[in-house]
Amino acid sequence: NFDFIYCARLEKSKGINLFISLAKYYPNSNFFVYGSMDKSSKDYLSKEEIIYFKNKNKNIQFIDYIDYPLLKHHNDNSIFVVPSNYGEGLPRGILEAMSLEIPVVASQKACVGLFDNKTVFMVLNNKVESYINVIEKIYIKKKEGKLNDFLNNSKKYILNNYQERYIVERTMTLY
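**What about the overall build of the chain?**
Turning to step 1, where the next piece is worked out: Helix and strand counts for the chain stand at seven helices and six strands.
Turning to step 2, where the next piece is worked out: Counting from the amino terminus, helix and strand elements in the chain follow one another as β-α-β-α-β-β-α-β-α-β-α-α-α.
Turning to step 3, where the next piece is worked out: Taken over the C-alpha trace, the chain has a radius of gyration of 16 Å; the compact-globule value for 175 residues is 16 Å, and the two agree within 12%.
Turning to step 4, where the next piece is worked out: Referenced to the eigenvectors of the C-alpha coordinate spread, the extents of the chain come out at roughly 50 × 45 × 30 Å.
Turning to step 5, where the next piece is worked out: Counting over 175 residues, the chain shows a buried share of 42%.

In structure tokens form, the structure reads like this:
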């Protein structure tokens, strides 16, 4: 049993429906949704949809936006899921999860070409089956005792490439 975490706006293009589909596949796991909704956008889940999903899937908790949600799930059973197809820059949550040694399962689009399968668990396409296959790989790595090495390497990658001081130094060099 895992604790699956989603941290993003509740937009369909950010993959909230796919995340909810995973909850149906893993009924004995907990699914935590951290994110706000926007009544003015048609891409967001509506209040009625959220109520429907809560009632239909007892293993999903909609928690709204909070600061530092990943710190609340810093344990050996957490998996951070980023099923986004939204055209954006690098989702900060990926960096945060990697620095906390929480496994990241992400779409290729969310990884924006900055990560590979040595640092995140990247899915081939945005179908539920692809996410299930990657989650099974996490389970196998954990069972074989290889997950901690993978997560430690991911954390080292973040520390070597994404600390704020490195980014500031690189930015200053550009100017």
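**With respect to the side chain of His73**
Turning to step 1, where the next piece is worked out: By the element assignment, His73 lies in the loop between strand S3 (60-62) and strand S4 (78-82).
Turning to step 2, where the next piece is worked out: With relative accessibility at 5%, the residue His73 sits in the buried group.
Turning to step 3, where the next piece is worked out: Setting aside residues up to four positions removed in sequence, His73 forms contacts with Asp3, Ile5, Phe32, Tyr34, Ser78 and Ile102.

**Details of unusual backbone geometry**
Turning to step 1, where the next piece is worked out: A positive phi angle, near 75°, is found at Asp64, a position not held by glycine.
Turning to step 2, where the next piece is worked out: One can find Asp64 in the loop between S3 and S4.
Turning to step 3, where the next piece is worked out: The phi dihedral of Glu101 is positive, around 60°, even though this residue is not glycine.
Turning to step 4, where the next piece is worked out: Mapped onto the fold, Glu101 is located in the loop between helix H3 (92-99) and strand S5 (104-106).

Each value, and the rule that gives it
- Residues numbered from 1 in each chain as written.
- Predicted model: local features only at pLDDT ≥ 70, side-chain atom pairs only at ≥ 80, totals over all residues.
- Heavy atoms only, no water.
- Helix = DSSP H or I, 4+ residues; strand = E, 2+ residues; numbered from the N terminus.
- Rg over C-alpha atoms; globule rule 2.2 N^0.38 Å.
- Buried < 20%, exposed > 50% of the residue type's maximum accessible area, 1.4 Å probe, protein only.
- Contact = heavy atoms within 4.5 Å.

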